[in-house]
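# Chains, contacts and geometry: an overview
One-letter residues, chain by chain:
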Amino acid sequence: EVAAAAVPAFQAKSASIALVQEGSRQFYQVGYPLYQASEIIGLTEVDLSLAERDAFLQEIYANFALGGVVSFLALGGLIYVVLRSVVSKPIYKLAHASEKVSTGDYTVSVAHGPALPTGFRVRDELHRLIATFNHMVRMIKDKEERLEAMIVEDQLTGVYNRQHFDQLAQTEIERASRYQHKVSFMLVDILKLDQVNLKLGQGEGDRTLRRVAELLSATFRQVDEIFRYGGDEFIVIMPETDEQGTAISADRLRQKLAELNAGGQNPIQ
């Protein structure tokens, strides 16, 4: 029922609820204002029995509980996604990269993952761990490369050593035999190196060896391999080279050696 000005309490634009007793009948009476252009124009009253009230309240509680569960699940899902992205994935990547490193693969690198606000402690700790891991892998790789170089290189001249020659020479011979290709070997011997050591000292002898190694590197092709075979001997492996090609390379070497000796105080023979 509508009574426009009969209820002064609704001038405050607020609803009211009252328990009403009519004989044996007991019910709640809920009143709320009707508006038009922000002005109260009447009052609407709704009678609500106790049973209806209880059912109504139960429905509210059920909806509230359902909303709470949904909100909790949504929040849990959000937390799971964040933790999986920020924590689980980087840790999995670290574990996977560690397995590769344990097999000798030092090319791995772990990405830092998604950016998070500065000061996020989990992010900061994981980033520090990942950065330390990547730095460690790079150091291991550098040391491995230096160690490999030390194993196959002659430390004085920088060319390959005798041990590496023994391994590579056998491989080149087998390859040439299998595919019917040519391969040539050239022996370069420095004459009177012992006299240089006696007259001018071991330092001058070492300098002579380095000069010869540089001369050989500048004379032969990139596919040719240069080795220090003994104290004063070098060997060059020349794949795909026959006798004529070897003779041409030897003439080129003699010419470059003559040019080197023309301006030097201690000629190399």
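Above this text sits the structure in question.
Here we summarise the structure given alongside this text. No experiment lies behind these values; they were computed from the predicted model shown.

All right, on to the overall build of the protein then. For the protein, the count of helices and strands is 6 helices and 6 strands. Along the protein, helices (α) and strands (β) appear in the sequence β-β-β-α-α-α-β-α-α-β-β-α when read from the amino end. By the burial criterion, 25% of the 269 residues in the protein qualify as buried. Here the analysis covers contacts within the protein between residues at least 6 apart in sequence; of these, 52% occur between residues at least 24 apart. When the accessible surface of the protein is totalled, it reaches about 18,200 Å², and 57% of it is carbon and sulfur.

Moving on, we come to the packing of helix α5 (residues 202-219) against helix α6 (residues 243-262). Relative orientation of the contacting elements α5 and α6 amounts to 135°, with a least axis distance of 10 Å. Our classification of the angle between α5 and α6 gives oblique. The chirality of how α5 crosses α6 is right-handed. For the pair α5 and α6, the contacting residues are R211, L215, L216, A218 and T219 in the first and R252, L253, K256, L257, L260 and N261 in the second. Looking at the contact of α5 with α6 residue by residue, the classes come out as 6 nonpolar, 2 polar and 3 charged.

The next point concerns α5. With 18 residues, α5 should reach 26 Å at 1.5 Å per residue; the first-to-last C-alpha distance of 26 Å fits that figure. Those residues of α5 that fall on the buried side of the exposure criterion are E204, G205, D206, T208, L209, R211, V212, A213, L215, L216 and T219. In this structure, the buried side of α5 is in contact with β4 (183-189), α4 (193-200), β5 (225-228), β6 (233-239) and α6.

Another aspect to go through is the pairing of β4. Burial along β4 is one-sided: the residues S184, M186 and V188 are buried and none of V183, F185, L187 and D189 is. Pairing between β4 and β6: 7 bridges, direction antiparallel. Looking at β6, one finds that D189 is bridged to E233.

Pairing is antiparallel across the open sheet formed by 3 strands, whose spatial order is β4-β6-β5. Looking at strand neighbours, the two that pair on one side only are β4 and β5, the edges of this open sheet. Neighbour to neighbour, the strand axes of the sheet diverge by 20° on average, direction disregarded. In the sheet, β5 pairs with β6 via 4 bridges, with the strands oriented antiparallel.

The topology assignment puts E172 in helix α3 (residues 162-179). If sequence neighbours within four positions are ignored, E172 has contacts with V183, I237 and P239.

Moving on, we come to the pairing of β6. With respect to burial, β6 is a largely interior element, 6 of its 7 residues being buried. Count of turn residues in the β5/β6 antiparallel hairpin: 4 residues.

Assignment of secondary structure puts N261 in helix α6. Reaching out from N261, the side chain makes a polar contact with the backbone nitrogen of I268 at a distance of 2.7 Å. Those residues in contact with N261 that lie beyond four places of it in its chain are R211, P267 and I268.

Tallying each qualifying case throughout the model produces 4 aromatic pairs. Both rings, one in F165 and one in Y229, keep their centres 5.4 Å apart while their planes meet at 85°; by these two values the pair is edge-to-face. With F165 in helix α3 and Y229 in the loop between β5 and β6, this pair connects stretches of sequence that are 64 residues apart. On the accessibility criterion, F165 (10% relative accessible area) is buried. Among the aromatic residues, those joined into a cluster by ring pairs are Y160, F165, F185, F227 and Y229.

Turning our eyes to something else, we now look at the pattern of salt bridges. Tallying each qualifying case throughout the model produces 7 salt bridges. A salt bridge links D166 to R162; the shortest N-O distance between them is 3.5 Å. Taken as a pair, D166 and R162 lie in helix α3 at a separation of 4 residues, close to a single helical turn. Residue R221 pairs with D224 through a salt bridge whose shortest N-O separation is 2.7 Å. Take D224: its relative accessible area is 7%, and that puts it in the buried class. Connected through shared salt-bridge partners, E172, R175 and E240 make up one network.

Conventions we followed
Residues numbered from 1 in each chain as written. Predicted model: local features only at pLDDT ≥ 70, side-chain atom pairs only at ≥ 80, totals over all residues. Heavy atoms only, no water. Helix = DSSP H or I, 4+ residues; strand = E, 2+ residues; numbered from the N terminus. Buried < 20%, exposed > 50% of the residue type's maximum accessible area, 1.4 Å probe, protein only. Contact = heavy atoms within 4.5 Å. Areas by Shrake-Rupley, 256 points an atom, 1.4 Å probe, with all protein chains shown as cover. Axes fitted to C-alpha atoms, helices over the stretch in contact; angles between N-to-C directions. Parallel < 35°, antiparallel > 145°, perpendicular 65-115°, else oblique. Left-handed = near helix turned anticlockwise from the far one by under 90°. Nonpolar A, V, L, I, M, F, W, Y, C, P; charged D, E, K, R; others polar. Expected span 1.5 Å × (residues − 1). Pairing = 2+ DSSP bridges. Polar contact = N/O pair within 3.5 Å; in protein donor to acceptor, adjacent residues only side chain to side chain. Phe/Tyr/Trp six-rings, centres within 6.5 Å; stacked < 30°, edge-to-face > 60°. Salt bridge = Lys/Arg side-chain N within 4 Å of Asp/Glu carboxyl O.

The analysis is restricted to geometry; functional conclusions fall outside its scope.
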